[in-house]
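Each chain, letter by letter, is given below.
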Amino acid sequence: MKRKLIAAIGIAGMMVSIAACGDSDSKDKGSDSADVKSLTVWLTVDAQNNWPELVKAADAAIVKKHPGIKIKHEYYGWPDKNTKLDAVLATDKVPDVVEMGNTEMLAYMVKGAFAPLDAAKFDNSSAWLDGLKASVEYDGKTYGVPYYAGGRVGNWRKDLFASVGVKTPPKTYAELTSALDKVQKKEGDKFSAWYQPTRDWYAAMSYVYDAGGSIAKEDGGQWKANLSSPESVKGLTEFKNVIDKYMHGDKTKDESDRYIVYGQGKSGMIFGAAWEGATAADPKNDKTGKLKDNLENFVMPGPSGKNMPVFLGGSDLAVPVKSKAQAVAAEWINAFTGTTGQKGLIAKGNLPNNKTDLAPLKSDPATEVPATAAESSWFVPMAPGWGQVEKAQVLQTMLQSIGTGKKSVEDAAKEADAAIDKVINTK
């Protein structure tokens, strides 16, 4: 099953303009649930197409508790959802529950579009995955509930690595680079032992966080860029080493068509979303005719000696602050994302929203790699101006300058820090 989770690979840059959203500290409107006659739930087509029975089960639980309530569902594609949402948030006819990509949450929380929620009322909230938990928290409050996750893993061609005597996935970074060196030497300079797009900031920041660095740090309520710190520079320098040694493709590209390039057979490995390998092996993308049953996911080892911290994509559910059924909306979210719902989502090939449900997946060969990779994660700075940083593509510009050799790591990082500091604290 293929779901590209567009929200999970970088559309956080949008900052919304929402008129008269109301006071985000307001109490639940319609908190007397007996007065709630209807509930409107907006989800993406992923739920409609892949697990409609889980939606029905959540509906049934709410109807049982609130006899006579009518639950209406609307489904949207990722490219269309926010345009529709922005339009209705400026009116009084808002949905009561809305699905958001975790990278989309921040802009709406900053603008006061969502109602604060009591995390303690949701199953497994104390064990939410770090990268998802961060996406629903802003200024000390919780404004959403993680729904499900999608991680990033390494993926390589077993035949190529077997041809140089490597028959098992790497457990350490030294094993990884040794194997890559052998493949690169065998295949020559026109081949990318590791196809790693230069502008892929999700991969680059994994190196930064693995080295103990970060994009930015908060101190006393103010955010300060941190890419030029010694730790961050160390991570960026190792990322540059990867680009220099193993990436022999266009060094001005991002990761949007990585699975297509991988399918062309000019590379031996990628580090990306867990679905990318399988998608590259799809007959319509596999130009080699060799990728089916020949690709293998593995947990990316980091230079630190630990598993590489990865960016977790995924979805969250939120309650618009103008909803007149906030209490019942929260109940529906818990029915959908709670313990029973997570079991259903796992059965459909998703990663759960919490470490408790994630733990058993690590011992199942079918889910061991993505589950283990998801344990160590990072997320973007939850700063009011982060959307402006993404919109300006500050990180991509820095990485392209580094990867193409236009600037040194230190100079590019300092320039990026200066650009980030100008906007990161601005709403």
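Keep in mind it's a predicted model, so treat the numbers as computed, not measured.

1. Quick notes on the overall build of the protein chain
Move 1: When helices and strands are counted, the protein chain shows 18 helices and 14 strands.
Move 2: Its C-alpha atoms give the protein chain a radius of gyration of 22 Å, within 12% of the compact-globule value 22 Å for 427 residues.
Move 3: Taking the principal axes of its C-alpha atoms as reference, the protein chain extends roughly 70 × 45 × 35 Å.
Move 4: In the protein chain, which comprises 427 residues, the proportion classed as buried is 56%.

2. A short note on empty space enclosed by the protein
Move 1: All chains considered together, the criterion is met by 1 cavity of 30 Å³ or more.
Move 2: Its volume calculated, the largest cavity comes out at about 30 Å³.
Move 3: Around the largest cavity, the lining residues are W201, W386, V389, E390, Q393, V394, L395 and Q396.
Move 4: Considered class by class, the residues forming the lining of the largest cavity number 5 nonpolar, 2 polar and 1 charged.

3. Some points on the packing of aromatic side chains
Move 1: Per the counting criterion, the structure on display carries 19 aromatic pairs.
Move 2: When the ring of Y147 is compared with that of Y148, the centres are 4.5 Å apart and the planes differ by 90°; the resulting orientation is edge-to-face. As far as burial versus exposure is concerned, Y147 and Y148 are alike and both buried.
Move 3: Ring geometry for W201 versus W378: centroids 6.3 Å apart, planes at 55°, classification tilted. One end of the pair, W201, is in helix α8 (residues 201-210); the other, W378, is in strand β14 (residues 377-378), and 177 residues separate them in sequence.
Move 4: Accessibility expressed as a relative area gives 4% for W378, which makes it buried.
Move 5: Ring-pair connections join several aromatic residues into one group, and the members of that group are W201, Y202, Y209, F311, W378, F379 and W386.
Move 6: Sitting over the face of the ring of Y202, R152 holds its NZ or CZ atom 4.6 Å from the ring centroid.

4. Regarding the sheet that holds strand β2 (residues 70-76)
Move 1: Strand order across the open sheet formed by 5 strands is β2-β1-β3-β13-β6, with mixed pairing between neighbours. On the outer flanks of this sheet lie β2 and β6 (145-150), each paired with one strand and no other. On average, each strand axis in the sheet is tilted by 20° relative to the strand beside it, whichever way the strands run.
Move 2: Here 4 bridges tie strand β3 (residues 97-101) to strand β13 (residues 313-318), and the two strands are oriented antiparallel to one another. Each bridged residue has a counterpart across the sheet, and for G101 the counterpart in β13 is S315.
Move 3: Packed onto the sheet, helix α3 (residues 78-89) meets β1 (38-44), β2, β3 and β13 and runs at close to 130° relative to β3.

5. Details of the pattern of salt bridges
Move 1: If you walk through the whole model with that rule in mind, you get 17 salt bridges.
Move 2: A salt bridge links E187 to K186; the shortest N-O distance between them is 3.3 Å.
Move 3: In this structure K186 comes out as partly exposed when scored by relative accessible area, which is 49%.
Move 4: With a closest N to O distance of 3.3 Å, D244 and K240 form a salt bridge. Here the residue D244 and the residue K240 both occupy positions in helix α9 (residues 230-246), the gap between them amounting to 4 residues, near one helical turn.
Move 5: In the salt-bridge network here, residues are joined through shared partners; they are D200, R258 and E276.

6. Focus on the nonpolar core
Move 1: Of all hydrophobic cores here, the largest spans 126 residues; its most connected members are F114, W194, W201, M205, W332, F336 and M398.
Move 2: The element contributing the most residues to this core is α8, with 7 residues.
Move 3: When neighbours within four sequence positions are excluded, W194 is seen to be in contact with L176, L180, Y207, V242, Y246, M247, M269, I270, F271 and M300.

7. Some thoughts on the sheet that holds strand β10 (residues 269-273)
Move 1: With respect to topology, 3 strands assemble into an open sheet ordered β10-β7-β11, the strand pairing being antiparallel. Strands with a single pairing partner mark the edges of an open sheet, and in this sheet they are β10 and β11 (295-298). Between one strand and the next, the sheet's axes are offset by a mean angle of 30°, whatever the strand orientation.
Move 2: Sheet analysis places strand β7 (residues 152-157) next to β11, joined by 4 bridges and oriented antiparallel.

8. A closer look at the side chain of N350
Move 1: Tracing the backbone shows N350 in the loop between α13 (339-347) and α14 (355-358).
Move 2: Residue classification places N350 among the buried residues on the basis of a relative accessible area of 4%.

9. Let's talk about helix α2 (residues 52-65)
Move 1: For α2, which comprises 14 residues, the first-to-last C-alpha distance of 20 Å matches the rise-based estimate of 20 Å (1.5 Å per residue) to within 8%.
Move 2: On the buried face of α2, the contacting elements are β1, α1 (45-50), β2, α12 (326-337) and α13.

10. A short note on unusual backbone geometry
Most peptide bonds take the trans form, and the phi angle of most residues other than glycine is negative.
Move 1: Residues other than glycine seldom take positive phi values, yet D139 does so here, at roughly 55°.
Move 2: Structurally, D139 can be placed in the loop between β4 (137-138) and β5 (141-142).
Move 3: The backbone of Q393 shows a phi angle near 55°, a positive value even though the residue is not glycine.
Move 4: Tracing the sequence through the fold places Q393 in the loop between α16 (386-391) and α17 (394-403).

11. Thoughts on the packing of α8 against α17
Move 1: Their axes nearest at 10 Å, the elements α8 and α17 cross at an angle of 80°. The angle between α8 and α17 falls in the class roughly perpendicular. Between α8 and α17, the residues in contact are W201, A204 and M205 and L395, Q396, M398 and L399, respectively.
Move 2: When its residues are assigned to classes, the contact of α8 with α17 shows 6 nonpolar, 1 polar and no charged.

Calculation notes
Residues numbered from 1 in each chain as written. Predicted model: local features only at pLDDT ≥ 70, side-chain atom pairs only at ≥ 80, totals over all residues. Heavy atoms only, no water. Helix = DSSP H or I, 4+ residues; strand = E, 2+ residues; numbered from the N terminus. Rg over C-alpha atoms; globule rule 2.2 N^0.38 Å. Buried < 20%, exposed > 50% of the residue type's maximum accessible area, 1.4 Å probe, protein only. 1 Å grid on protein atoms, 1.4 Å probe; cavity = no way out; pocket = protein on both sides within 12 Å on 5 of 7 lines; lining within 4 Å. Points joined across faces, edges and corners; volume = space filled by probe spheres on them. Nonpolar A, V, L, I, M, F, W, Y, C, P; charged D, E, K, R; others polar. Phe/Tyr/Trp six-rings, centres within 6.5 Å; stacked < 30°, edge-to-face > 60°. Lys NZ or Arg CZ within 6 Å of the ring centre and 35° of its normal. Pairing = 2+ DSSP bridges. Axes fitted to C-alpha atoms, helices over the stretch in contact; angles between N-to-C directions. Contact = heavy atoms within 4.5 Å. Salt bridge = Lys/Arg side-chain N within 4 Å of Asp/Glu carboxyl O. Core = buried A, V, L, I, M, F, W, Y, C linked by side-chain atoms within 4.5 Å. Expected span 1.5 Å × (residues − 1). Parallel < 35°, antiparallel > 145°, perpendicular 65-115°, else oblique.

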